[in-house]
Amino acid sequence: MELYGLYFNQEAAEKPYESEGEYWSDLLASLDMRLGVLTAWRSSDETTGDLIPWQSAREMAVSPERAVFFLNRGRLADPPGRAGDDGDETSRRVRSELVLAANHIMNRLSRTPGMGNAFMLRRLYRLFHLSRLEQFLFLVGAAPRMDARYEALYLNIQGGDRAEPTLQLALSLYALTDSISEEERAALGQRRGA
């Protein structure tokens, strides 16, 4: 499985970001990857057990039935790579690919002058002292404003007539690779109530 290679230019991994647009592009590719994993389906070839990811989450429609099927199968409660030590090789491979994507972004930022702190988005993170979780929640919420296709995607995934991402969806996407601590949950609750 080469999820990382489908979404990221691996040759750029050692290069700094030339613009904030490149940084946004990688952030959205990472989000696409997570959305693809969340709504992936098993191939008809059960001998391999490989997941079939979207080439690009924004390019494919997802039926509400397909999304609800996976949400109800426990993907949100037990996302790939986070569901105990049950020896699930596919889950470990998927999580590994998602971590590669996060490392790609961090590596490029580390090579960018000032760690990209001149980028408006990075300044916003600092101004509001956003945690890594809060930065991710901001990305999920901002994505439809960067690319309107996310509205249709969120609408299909969540069903009904809600085109804005729910907190549950955003936390589920985050939890594919990162645990959400009690401290983060408490801080998130305080900020929501403020």
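Here the structure is a predicted model, which means the values were calculated and not measured.

Conventions adopted
Residues numbered from 1 in each chain as written. Predicted model: local features only at pLDDT ≥ 70, side-chain atom pairs only at ≥ 80, totals over all residues. Heavy atoms only, no water. Core = buried A, V, L, I, M, F, W, Y, C linked by side-chain atoms within 4.5 Å. Buried < 20%, exposed > 50% of the residue type's maximum accessible area, 1.4 Å probe, protein only. Helix = DSSP H or I, 4+ residues; strand = E, 2+ residues; numbered from the N terminus. Polar contact = N/O pair within 3.5 Å; in protein donor to acceptor, adjacent residues only side chain to side chain. Arc of directions from axis to C-beta.

Caption draft 1: Broad picture of the nonpolar core. Among the nonpolar cores identified, the biggest contains 44 residues, and Tyr23, Leu31 and Leu173 are the most heavily contacted of them. Where this core is concerned, the elements lending two or more residues are helix H1 (3-7), helix H2 (20-38), helix H4 (89-111), helix H5 (120-127), helix H6 (132-146), helix H7 (149-158) and helix H8 (167-174).

Caption draft 2: Representation of the environment of Asp147 in the model. Mapped onto the elements, Asp147 comes out in the loop between H6 and H7. Here the alpha-carbon distance between Asp147 and Leu28, two residues 119 residues apart in the chain, equals 9.2 Å. Within the local environment of Asp147, its side chain forms a polar contact with the side chain of Arg149, the two groups lying 2.8 Å apart.

Caption draft 3: Examining the environment of Leu28 more closely. Its location among the elements puts Leu28 in helix H2. In this structure Leu28 comes out as buried when scored by relative accessible area, which is 7%.

Caption draft 4: Quick look at H7. What H7 keeps buried is the set Tyr150, Leu153, Tyr154 and Ile157. Buried residues in H7, looked at end-on, bunch into an arc of 95°, giving them a common side. The first or second residue beyond H7 is Gly159, which carries a positive phi of 70°.

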